[in-house]
Amino acid sequence: QAQLVESGGGVVQAGGSLRLSCAASGDIFSINAMGWYRQAPGRQRELVASVTSGGIPDYADTVKGRFTISRDNAENTVHLQMNSLKPEDTAVYYCNADIITRRWLQRGAYWGQGTQVTVSS
């Protein structure tokens, strides 16, 4: 099994910045894509940004130019730098990783517990 632990959420005024971090640990053989999703009250969970094992990022149109995703393969971490935050970015942010575990070489999608980001106007 593997675990994802997020950190870095909080409350910020519109126009401000936050940096989210996620660390993967446990019985990890390799990690493919890693990403960040968010879910606002009454809305479906949506993909915010993802990054391949080779470092190629992809972003939702709503965050392009404002958010930057990065990962450190040696540390099994992924980060989301969020700039120019807007009230509509308020949501619970979840880390996600496509992990192959050592035992049985099983592949699965793992999720963090979520971290709240609140942007006040």
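Provided above is the structure to which this section pertains.
Residues numbered from 1 in each chain as written. Predicted model: local features only at pLDDT ≥ 70, side-chain atom pairs only at ≥ 80, totals over all residues. Heavy atoms only, no water.

## Things to note about the nonpolar core
Judged by nonpolar contacts, the single largest core of 32 residues is most densely connected at Trp-36, Leu-80, Met-82, Tyr-93 and Ile-99. Those elements giving two or more residues to this core turn out to be strand S1 (2-7), strand S3 (18-26), strand S4 (28-39), strand S5 (46-51), strand S7 (67-72), strand S8 (77-82), strand S9 (91-101) and strand S11 (115-120). Examining the composition of this core, we find that 5 residues originate from one element, S9, more than from any other. Each residue touching Met-82, except ones within four places of it in the same chain, is listed here: Gly-16, Ser-17, Leu-18, Leu-20, Arg-66, Phe-67, Tyr-93 and Val-117. (Core = buried A, V, L, I, M, F, W, Y, C linked by side-chain atoms within 4.5 Å. Buried < 20%, exposed > 50% of the residue type's maximum accessible area, 1.4 Å probe, protein only. Helix = DSSP H or I, 4+ residues; strand = E, 2+ residues; numbered from the N terminus. Contact = heavy atoms within 4.5 Å.)

## A word on the pattern of salt bridges
A complete count under the given rule lists 6 salt bridges for this structure. Asp-27 is the salt-bridge partner of Arg-102, the closest N and O atoms lying 3.9 Å from each other. Within this pair, whereas Arg-102 is found in the loop between S9 and strand S10 (107-111), its partner Asp-27 is found in the loop between S3 and S4, the two being separated by 75 residues in sequence. A salt bridge links Asp-89 to Arg-66, with the nearest nitrogen and oxygen atoms 2.7 Å apart. On the criterion of sequence distance, the pair formed by Asp-89 in the loop between S8 and S9 and Arg-66 in the loop between strand S6 (57-59) and S7 is long-range, its members being 23 residues apart. Under the relative-accessibility criterion, Asp-89 is labelled buried at 1%. Note on Arg-66: relative accessible area 11%, which makes it buried. Overlapping salt bridges bring together Arg-38, Glu-46, Arg-66 and Asp-89 as one network. (Salt bridge = Lys/Arg side-chain N within 4 Å of Asp/Glu carboxyl O.)

## A short note on the state of the cysteines
Under the definition given, this model contains 1 disulfide. The disulfide partner of Cys-22 is Cys-95, and the S-S distance across this bridge is 2.1 Å. Between Cys-22 and Cys-95, the S-S torsion sits near -80 degrees, and that sign places the bridge as left-handed. Residue Cys-22 is found in strand S3, and its partner Cys-95 is found in strand S9; the two are separated by 73 residues along the sequence. (Disulfide = S-S within 2.5 Å.)

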